[in-house]
Amino acid sequence: MIQKYLLNKNRIMCLELLLMMWPTGVMADDGKLSGTVIGTAESVDYSTSQQSTTVNTREMAFDGDLNTCFASWERSYTWTGLDLGTPHVITKVGWSPRNDSQGPKRVVLGVFEGSNREDFMDALPLYIITEQGVIGQMSYADVSCSAGFRYVRYVGPSDARCNIAELEFYGHEGEGDNSQLYQLTNLPTVSIHTQDGVIPFDKETEISSQIIIISDNGTKLLSEPGGVRERGNYSRTFPKKPYRIKFDKKQKVLDAPDKAKKWTLINNYGDKTLMRNLLAFEISRMMGMPYTPYGTAVDVMLNGEYKGCYQLCDQIEVNSGRVNITEMAPEDIEGEALTGGYLFEIDAYAYDEVSMFTSAKGNPVTIKSPKDDEIVPEQSAYIEDYFNKMERQWKTYLDLNTFLRHFLVGELSGNTDTYWSVYMYKERNDEMIYTGPVWDFDLAFENDNRTYPIMSKTDYIYRSGGSCAGNMKSFVDRIVVSDAASRAQLLTIWDEVRQGGLTEEYLVNFIDQMEQTLDQSQQLNFTRWPIMNKKVHQNPVIWGSYAAEVQNVRRYITERIAWMDNKLGYTYEPPSSVTVSRSTLNEQPCAVYSLQGRYCGNSLQGLASGTYIVVQNQKARKVVVK
C-alpha cells in the first residue's frame, strides 16, 4: 500500500511539474507550429548595404538560430510568416529581436496577424508587442483569438526593416470561430488591408480595401469591403496621416446612430490629449445644435502596421442621419427643385477645390453637395446668388439660432479655426441658411501658440487672433457685436444651455472619463509618435506628459466658462429643486434636460423617475419627477 501510494504521489508530482513547465495558456496539443515560410522576399545585406535574396532572408526568422535574423530591404510594411497548410487556432506567439544594439527596441509595436487569404486582406490581429525584446532570448505572449487561420505572420513596426531573429507560433488545427477576437486596447480596433498593399497617397485615389472593426472586448466583428484614401488639408502634412474610409454598402459602425458608407479617421496629431474634438462635440450636443457629428476614439492599423489612436467619426455629408436635407439630382434645375438642398463650407482652402465661388463680400465657399461631378451650372449659380443675398440680408435669410449656437461652441472651446471653416446648408423650399455642424477642434482648448494664453484676452477669440477665411470676421461682427437683438438672443441661448447642464462640473467630469478611457491607447500612440516633448503643429507649451496635457484642458474649461459668463453679462444661479407630478408642467411649453445636459423632450410624460432640469418661460429649475 505504501509503495502504491508513493508511486501515485510521484506520478502526480511529475504531472504537476510538467504543467508548470508547459507554456501558459497553451493546451496539451498546442505545440509549436511549422509550415512554408512566406513574406517579404527582398532583404538587405548589411555588409554591402545592397538588396539581397540570399542574406538575412525571411527564412532566418524560423531557423532556430537566435544569432541570424530577417532584415527586409524596405523599411516599413514588411513581414515574414508561415503557411500552415490548414487553419489553426493560435494560442501563443514567441519572438526574439535581432542581435544588434538597436534590435531590442525594433520589435516594439510589431504586430502578429492571422489570415485565411494568402494576400492577408482578411487578416485579424493576434498580438501587438509593447515591450522591448531581449537579445538571445525568446519572449512569449498568450493569444486571445478563437478564430482559425491558415496563414500567420509578423509585421515589423514602421521604419524597422522587420528586423526579427526568431519567431514561433503555437496552436492547434481547427477552423475556430469569431466568438473572441483581439483588440489592441480597450478601444475598438480598426484594421484596414489594401489591395496589393498599396498605401493611400492622396485625397482622390481610393484604394480597394477590407475594413475590419473589432469591438465590445473582442466579441463583435465588422468585416466589409470598401476603399480608403487620405483626407484633410493641413492635417495631411503630418507624418500621422488622416484617412477616409468608404464601405461598399452602408454600415452601422459601432454605436453610431445611423448607417452610412463614408466615415473619417481623424489623426489629431497636434492634439496630445487626443480628445479635443470629442469634447467639442459634447459641447455641441449640449448647445442644442440640430446635428452633431458622431465620433469615438479607436486604434488604427494599416496593412498590419500600427498607426495610432484616431477619432472615427461621420463624414460631413448629406445623409438622413447627418446633414438631413434633400439630396439633389442633376435634373433639379428649376422651380422648387432648384431651391435645395445644398451643403457648403465657408472654407479658407476653397481655392484648391473644383466646385467653389467667392462671395460678393469676399468669402471663399466650397460647394459640398451636390458633388463636384454631379452639380450642374444652374445649381452652382443658384446657391452662389442665394449666399450673396444672405450676406446682404442676413436678418432675413440666416437662421440666427444655429449661427449663434455654433458661435458659442467656438468661443467656449477657444477654437481659433471656427471661421476658417464653417459648414452651412439650405433645404428645399426653405428660405433660411443654417449653420453647422461644428468641425475641427485640434487647435481649440488652449492649443494654439498664436492665441495663447486665451484667458489673457478680453475679447472673443475670433477677434483676438483667430483665423478667419475671407472677410468672415466682418460678417460675424455685424451679428454678434453690432446687432442688439442678436446679442440678446445670444444671452438667452447661453442661459438655456447653462441651466440645461452646461457646467464646469459636467465638462470636467467628461474630461476625466475621457482621460481614463484613452489611457491605454495614448500610451501606444505616443510610443508610435514620440512627440510628447516636442512642439508640433501650433502647440504653445510642452506640458511633458499626457496627464499634464489633459490638465491644461481641464484648467482651461474651468476658467473659460467663468470668462464666458462675464463676457455675456450673465450670472449663473444653480436651478432650485422642486418635486412635481408628471402632468404639472404640461400646460405650457418647456424644454426638459437630464442633469448631464441631454435634451429629453418638451414634456415630463414618458420619462423615468428622477431629477431633471426644466426650462420654461426662460427660467430653469431642477425638478424631481416621481
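Counting starts from 1 at the beginning of each chain's written sequence and moves along it residue by residue. At least 70 in pLDDT is required for a residue's local features to be given in this predicted model, at least 80 for side-chain atom pairs to be given and counted, and no such filter applies to totals for whole chains, interfaces and linings, which use all residues. Side-chain numbers come from the whole structure's heavy atoms, not from hydrogens or water.

Novice: Give a detailed account of the layout of surface pockets, specifying residues and quantitative values.
Specialist: As defined here, a cavity is a set of points on a 1 Å grid over the protein atoms alone where a 1.4 Å probe fits but cannot get out. A pocket is an open set with protein on both sides within 12 Å along at least five of seven lines, and residues line them when an atom is within 4 Å of a point. Grid points are joined across faces, edges and corners, and a volume is the space filled by probe spheres set on the points. As a volume, the second largest pocket reaches approximately 390 Å³. Contributing to the lining of the second largest pocket are 17 residues, with Leu278, Gly295, Thr296, Phe510 and Met514 lying nearest its centre. In DSSP terms, a helix is any run of H or I states spanning at least four residues, a strand is any run of E spanning at least two, and both are numbered starting from the N terminus. Of all the secondary structure elements, the ones that give two or more residues to the lining of the second largest pocket are helix H2 (276-286), strand E15 (295-302) and helix H8 (504-528). When the residues that make up the lining of the second largest pocket are grouped by side-chain class, the tally is 9 nonpolar, 4 polar and 4 charged. Note on residue classes: Ala, Val, Leu, Ile, Met, Phe, Trp, Tyr, Cys and Pro are nonpolar, Asp, Glu, Lys and Arg are charged, and everything else, Gly too, is polar.

Novice: Hey, could you go over the sheet that holds strand E18 (residues 356-358) for me, with residue numbers and the actual values?
Specialist: Spatially, E18-E19-E17-E20-E21 is the arrangement adopted by the 5 strands of the open sheet, whose pairing is antiparallel. Sheet topology places E18 and strand E21 (434-435) at the edges, where each strand pairs with a single neighbour. Two strands pair if DSSP finds at least two bridges between them. Sheet topology places strand E17 (residues 342-347) next to strand E20 (residues 421-426); 6 bridges connect them, and they run antiparallel. Among the inter-strand pairings, Phe344 is bridged to a residue of E20, identified as Met424. Strands E17, E18, strand E19 (364-369) and E20 of the sheet are contacted by helix H3 (residues 377-392), whose axis makes an angle of about 60° with E17. Any two residues whose heavy atoms approach within 4.5 Å at even a single point are treated as in contact. Here the axes come from fitting lines to C-alpha atoms, over the contacting stretch only for helices, and the angles between their N-to-C directions go from 0 to 180 degrees.

Novice: Describe the state of the cysteines, naming the residues involved and giving the relevant values.
Specialist: We call a pair of cysteine sulfur atoms a disulfide when they lie within 2.5 Å. One pass over the structure, following the stated rule, counts 0 disulfides. We note that Cys69 lacks a disulfide partner, and the nearest cysteine sulfur, in Cys162, lies 9.5 Å from it.

Novice: Can you tell me about the packing of aromatic side chains, naming the residues and giving the values?
Specialist: Here a pair means two rings of Phe, Tyr or Trp (six-membered ring of Trp) with centres within 6.5 Å. Their orientation is stacked below 30 degrees between planes, edge-to-face above 60, and tilted elsewhere. Counted according to the given criterion, the structure contains 29 aromatic pairs. Plain terms: the ring middles of Tyr269 and Trp529 are 6.2 Å apart, the flat faces sit at 90° to each other, and that makes the pair edge-to-face. Placement of Tyr269 in the loop between strand E14 (260-266) and H2 and of Trp529 in the loop between H8 and helix H9 (546-567) is noted, with a sequence separation of 260 residues between them. Comparing Tyr269 with Trp529 shows no difference in burial state: the two are buried. Note on classification: 1.4 Å probe, protein chains only; a residue is buried when its accessible area is under 20% of the maximum for its type, exposed when over 50%, partly exposed between these limits.

Novice: I'd like to hear about the packing of helix H5 (residues 400-413) against helix H6 (residues 472-480), residue by residue, with values.
Specialist: Relative orientation of the contacting elements H5 and H6 amounts to 110°, with a least axis distance of 12 Å. The angle between H5 and H6 falls in the class roughly perpendicular. The element H5 and its partner H6 pack so that their crossing is left-handed. Contacts from Leu400, Phe403, Leu404 and Phe407 in H5 reach Phe475, Val476, Ile479 and Val480 in H6. Between 65 and 115 degrees an angle is taken as roughly perpendicular, under 35 as roughly parallel, over 145 as roughly antiparallel, and anywhere else as oblique. Should the near helix be turned counterclockwise from the far one by less than a right angle, the crossing is left-handed, whereas a clockwise turn marks it as right-handed.

Novice: Account for the sheet that holds strand E16 (residues 305-314), with residues named and values stated.
Specialist: Strand order around the closed barrel formed by 7 strands is E10-E11-E12-E13-E14-E16-E15, with mixed pairing between neighbours. Across this sheet, the average inter-strand angle for adjacent strands is 35°, counted without regard to direction. The pairing of strand E11 (residues 207-215) with strand E12 (residues 220-230) spans 9 bridges and is classified as antiparallel. Bridge pairing in E12 links Ser208 to Gly227. Contacts from H2 reach E14, E15 and E16, with the element oriented near 155° to E15. Across the sheet, H8 is in contact with E15 and E16; its angle to E16 comes to roughly 130°.

Novice: Could you give me a rundown of H5, with the residues and numbers involved?
Specialist: In this scheme, a helix's expected span is set at 1.5 Å multiplied by one less than its residue total. End to end, H5 covers 20 Å across 14 residues, agreeing with the expected 20 Å (1.5 Å per residue, within 8%). Of all 14 residues in H5, 13 are buried, a share of seventy percent or more. In the segment just after H5, Gly414 is the residue with positive phi, at about 65°.

Novice: An account of the pairing of strand E13 (residues 243-251) is needed here, citing residue identities and associated values.
Specialist: Here E12 pairs with E13 via 5 bridges, running antiparallel. Within E13, the residue paired with Arg229 across the bridge is Arg244.

Novice: How would you sum up a negative patch on the surface? Please name residues and give values.
Specialist: A cluster of like negative charges, contributed by Glu327, Asp372, Asp373 and Glu374, occupies part of the molecular surface. Mapped onto the fold, Asp373 is located in the loop between E19 and H3. Residues enter patches when their relative accessible area tops 30% and they take part in no salt bridge; the joining distance is 9 Å for like charges and 5 Å for the nonpolar side chains Val, Leu, Ile, Met, Phe, Trp and Tyr. Accessibility throughout is a Shrake-Rupley quantity obtained with a 1.4 Å probe, and a residue counts as covered only by protein chains that appear here. Salt bridge, as applied in this entry: a Lys or Arg side-chain nitrogen positioned within 4 Å of an Asp or Glu carboxyl oxygen. Positive charges come from Lys and Arg alone, negative charges from Asp and Glu alone, with His and the N- and C-terminal ends not counted. The atoms used to mark charge sites are NZ of Lys, CZ of Arg, CG of Asp and CD of Glu.

Novice: How would you summarise the nonpolar core if you had to cite specific residues and measurements?
Specialist: Core analysis: the largest hydrophobic core is formed by 97 residues, its most contacted members being Met424 and Trp494. Look past the residues within four positions of Met424 in its chain and what remains in contact with it is Tyr342, Leu343, Phe344, Ile346, Phe387, Met390, Leu398, Phe403, Ile433, Tyr434, Thr435 and Gly436. One finds Ile90, Tyr154, Leu181 and Tyr182 within the second-largest nonpolar core, a separate group that totals 38 residues. Working definition of a nonpolar core: buried Ala, Val, Leu, Ile, Met, Phe, Trp, Tyr and Cys residues. They are joined through side-chain atoms within 4.5 Å.

Novice: Can you lay out the confidence of the model for the protein chain for me, pointing to particular residues and giving the numbers?
Specialist: Each residue carries a pLDDT value, the predictor's own confidence for that position, ranging from 0 to 100. Looking at the protein chain, the pLDDT average stands at 92 and 91% of residues meet or exceed 70. Note that pLDDT drops below 50 for residues 1-9; the model gives that stretch 0 contacts with residues more than four away or on any other chain.

Novice: Go over the side chain of Asn56, please, and point to the residues and values.
Specialist: Mapped onto the secondary structure, Asn56 falls in the loop between strand E3 (50-52) and strand E4 (79-97). Any N or O atom pair separated by 3.5 Å or less is treated as a polar contact, with the protein-specific requirement of one donor-capable and one acceptor-capable atom, and with residues adjacent in sequence counted only for side-chain atom pairs. Here the side chain of Asn56 touches Val44 through a polar contact of 2.9 Å, landing on its backbone oxygen. Every residue in contact with Asn56, bar those within four places of it in the chain, is listed here: Ser43, Val44, Asp45, Tyr46, Cys69, Phe70 and Ala71.

Novice: Let's hear about H3: which residues, and what values?
Specialist: Relative to the 22 Å expected for 16 residues at 1.5 Å per residue, H3 spans 23 Å between its end C-alpha atoms, a close match to the ideal helical length. Here H3 has its buried residues at Gln379, Tyr382, Ile383, Tyr386, Phe387, Asn388, Met390 and Glu391.

Novice: Give a detailed account of the side chain of Arg161, specifying residues and quantitative values.
Specialist: Relative to the helices and strands, Arg161 is located in the loop between strand E8 (148-155) and strand E9 (164-173). For the buried Arg161, which has no salt bridge, the nearest side chain bearing the opposite charge is Asp159, at an N-O separation of 7.2 Å. With residues up to four places along the chain from it excluded, the contact list for Arg161 reads Val44, Tyr46, Phe70, Ala71, Ser72, Trp73, Glu74, Arg75 and Thr78.

Novice: Kindly report on the pattern of salt bridges, identifying the contributing residues and their values.
Specialist: Using the criterion set out here, one finds 31 salt bridges in the structure. Here Glu305 ties to Lys307 by a salt bridge, and the two come within 3.4 Å at their closest N and O atoms. An identical accessibility class is assigned to Glu305 and Lys307; each is buried. In this structure, Arg450 and Asp448 form a salt bridge, with 2.7 Å as the shortest nitrogen-oxygen distance. One network of salt bridges, with partners in common, ties together Asp459, Arg463, Lys473, Asp477 and Lys567.

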